[in-house]
Amino acid sequence: MYLDTYKKWLNSDIVDENTKEELRAIKDEKEIEDRFYKDLEFGTGGLRGIMGAGTNRMNVYTVGKATQGLAYYLKKYALKDAKVAISYDSRNNSYEFAKVSAEVLAGNGIKVYLFESLRPTPMLSFSVTHLNCDAGIIITASHNPKMYNGYKAYGAYGGQMTDESANEVFSFIEKIEDFNEVKNMPYEEALESGMIALIGEEVDKVYYAKVVDLTIRRDLIKEKAPDLKAIYTPIHGTGNIPVREVLKELGYSNVFVVKEQEFPDGNFPTAPSPNPENPQVFSIAMDMAKTIKPDIILGTDPDGDRLGVVVLDDEGNYKVLTGNQTGVLLTHYIITSLIEENRLKKNSCVIKTIVTSEMAREICNKYNVDIIDVLTGFKYIGELINEFSNTHEKEFILGFEESYGYLSGTFVRDKDAVIASMMVCEMALFYKQKGMNLYNALNALFDEFGYYKEDLVNIELDGKEGQEAIFKTIEILRENPIDKLLGSKVSKLFDYQLSIEKDYNKNEELKIMLPKSNVIKYIFENGYWFVVRPSGTEPKMKIYISVKGTSFEDSTSKLKEFKNEVMNIFNSILKSNK
């Protein structure tokens, strides 16, 4: 099957000669199989994969085909005057893929608003609703290594397409049997005819103003912003201009940029894994910190939707906060600040994902703020924000996930590292006036709410066999449920694929009112929990682990012990699969 598709590409009149040469140069049949055994899947995160020739790779043909499927989807709903906004990040080929997407939409009679230069994901999200578009596209692979690129599709509400819409778009893509079906209007012709309109500064200004308006302690910022000293790195990505513009406008005049990582570069020369979750991306910033002595170090990923925060601990070492730690700091700061400003509404809510720290729930409970769990993926947070914007049932004040994604405000419907950078700077400035840094503030929260500690294990399994092993492992766990670990019985089992919540203490079974997803969560009587799910964007199985202790030492010890028990289960299943 895959060899037939491989030969079809080699004999195609559409596929260019350079691509054919790349394919002819492959001598390993396993490599051919991996490139052609399936089409790159269009999931709720759109497309993501390694760049190269083949149906299971990111290239102009798979991008064009996906965009044709999106065009069919828009036309199905009689949107004859449909409009789509397009942005792209700093990755290699991002501009080319954005341009192809624009040409295909224009060829289908769909108006395109294309950013004139790279912009972060949250600005694409904002532009969709700001320009009254019916969809949006950003070309990015977020924080993946340089060989990856991707294609994220957004709905009219400004958030990523969720399951139903994404599945329908994918069904249209699957029906496209030949690249001849992909319509195209040459770029210059589309510009001249007005089918493609370039956008930029006029959208930027509105976005920046809305971000600045999210400031809570306005007097503090007005009077004291220059007191905060910060180092910032965009990690060769899109955050450089937006983050600095917003901070400058608010008066943060002591922001030092990591020059070696300042400008866009899809090869990520100083950060092979350009992910702010990875402490190594901050090594240059930490060297700078020895002389600058900042209050805080910030880093945004290539598409500007994730934020990493680095603080000085009590021993004088710089420490990268986890996404959970930054999230609980923001949860507490935003709630207490709104209370002090007399701006916290009775129906205020925080939204987090099912794999995010339960410490946030403790904080929300103290201040009588609702906290809502959604499936993993910020698209579900965006979807709920949109629902509340229409029903006014809840007042959204913060959304976050453990993977370094945060959002305040409702004009963006995806995680936003520009907004998060501004909020973290305000929070750091507030604590500085109290003689504390964010590390001290976090310790104070641990003392009050308990020492929560989390970890994430990624098991990478490449290729067709790897994908099959991931799904088989989760299925074996589903069919052979655990009853206890470390002497603690299971209190609750959530199977999001079957939409079943089993409460063993009450001996009852409830229906989970969330979309189906291949995710299993165990909660034990001692409060420990773990979650397993396949990654939606990478060839990985992700295992999230959490414990609560009475001190740093206690929670660290408990996490190590619990993690070993959990990993013994998965290693045993994987071994039996071989």
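The text that follows walks through the structure, step by step, so that each part is easy to find. (Residues numbered from 1 in each chain as written. Predicted model: local features only at pLDDT ≥ 70, side-chain atom pairs only at ≥ 80, totals over all residues. Heavy atoms only, no water.)

We now examine the overall build of the protein chain. Secondary structure summary: the protein chain contains 19 helices and 23 strands in total. Viewed in the frame of its principal axes, the protein chain has a C-alpha envelope of about 65 × 60 × 50 Å. Here the contacts in the protein chain between residues at least 6 apart in sequence split such that 70% fall between residues at least 24 apart. As presented, the protein chain carries roughly 23800 Å² of accessible surface, and 48% of it is formed by carbon and sulfur atoms. Charged side chains of the protein chain number 70 positive and 87 negative; the gap between the two group centres comes to 2 Å. (Helix = DSSP H or I, 4+ residues; strand = E, 2+ residues; numbered from the N terminus. Contact = heavy atoms within 4.5 Å. Areas by Shrake-Rupley, 256 points an atom, 1.4 Å probe, with all protein chains shown as cover. Lys, Arg positive; Asp, Glu negative; His and termini not counted. Charge placed at Lys NZ, Arg CZ, Asp CG, Glu CD.)

Time to look at helix α15 (residues 378-391). The end-to-end C-alpha distance of α15, which contains 14 residues, comes to 20 Å, matching closely the 20 Å that a straight helix rising 1.5 Å per residue would cover. Among the residues making up α15, those that are buried are Phe378, Lys379, Tyr380, Ile381, Gly382, Leu384, Ile385 and Phe388. Lining the buried residues of α15 we find α7 (163-174), β12 (348-353), β13 (370-374), β14 (395-401) and β15 (405-407). A positive phi of about 60° marks histidine 392, the residue just after α15. (Expected span 1.5 Å × (residues − 1). Buried < 20%, exposed > 50% of the residue type's maximum accessible area, 1.4 Å probe, protein only.)

What you tend to see is this: most non-glycine residues have negative phi, and most peptide bonds are trans. Its identity is not glycine, yet asparagine 342 carries a phi of approximately 60°, on the positive side. Mapped onto the elements of the fold, asparagine 342 is located in the loop between α13 (323-340) and β12. The class of asparagine 342 is exposed, set by a relative accessible area of 73%. Although it is not a glycine, leucine 486 adopts a positive phi angle of roughly 50°. With respect to the secondary-structure elements, leucine 486 resides in the loop between β17 (484-485) and β18 (488-495). On the basis of relative accessible area, leucine 486 is assigned to the partly exposed category, the value being 33%.

What follows is about the environment of valine 320. Within the fold, valine 320 resides in strand β11 (residues 318-320). By relative accessible area, valine 320 is classed as buried at 16%. For the pair formed by valine 320 and phenylalanine 446, sequence separation is 126 residues and the distance between their alpha carbons is 17 Å. Contacts of valine 320, omitting those with residues within four sequence positions, involve Pro276, Pro279, Phe282, Met286, Val309, Val310 and Tyr404.

The subject of this paragraph is the side chain of threonine 336. Relative to the elements of secondary structure, threonine 336 occurs in helix α13. Note on threonine 336: relative accessible area 15%, which makes it buried. In this view, threonine 336 contacts Arg217 and Tyr367; residues no more than four positions away in its chain are not counted.

Here we come to the nonpolar core. In terms of nonpolar packing, the biggest core is built from 114 residues, with Tyr207 and Leu438 touching the most fellow members. Sorting elements by how many residues they give to this core places helix α16 (residues 417-433) first, with 13 residues. Once residues within four sequence positions are removed from consideration, tyrosine 207 is found in contact with Pro122, Met123, Phe126, Phe411, Val412, Asp416, Val418 and Ile419. Among the nonpolar cores identified, the runner-up in size contains 42 residues, and Leu70, Ile86, Met161 and Phe172 belong to it. (Core = buried A, V, L, I, M, F, W, Y, C linked by side-chain atoms within 4.5 Å.)

Attention shifts here to the packing of aromatic side chains. Geometry of an aromatic ring pair is reported as the spacing of the ring centres plus the angle between the planes. Going through the model one piece at a time under the given rule, you end up with 25 aromatic pairs. Seen in terms of ring centroids, phenylalanine 42 and tyrosine 151 are 6.3 Å apart; in terms of plane orientation they differ by 65°. Their pairing is edge-to-face. Remark: tyrosine 151 occurs in strand β5 (residues 148-155) and phenylalanine 42 occurs in the loop between α3 (29-36) and β1 (47-50); sequence separation between them is 109 residues. What makes phenylalanine 42 buried here is its relative accessible area of 3%. Site record: aromatic cluster; members linked through ring pairs are Tyr522, Phe524, Tyr528, Phe530, Phe562 and Phe570. Across from the ring centre of tyrosine 187, 5.0 Å away, lies the NZ or CZ of lysine 99, which sits over that ring. It is lysine 175 that lies over the ring of phenylalanine 172; its NZ or CZ is 5.5 Å from the centre. (Phe/Tyr/Trp six-rings, centres within 6.5 Å; stacked < 30°, edge-to-face > 60°. Lys NZ or Arg CZ within 6 Å of the ring centre and 35° of its normal.)

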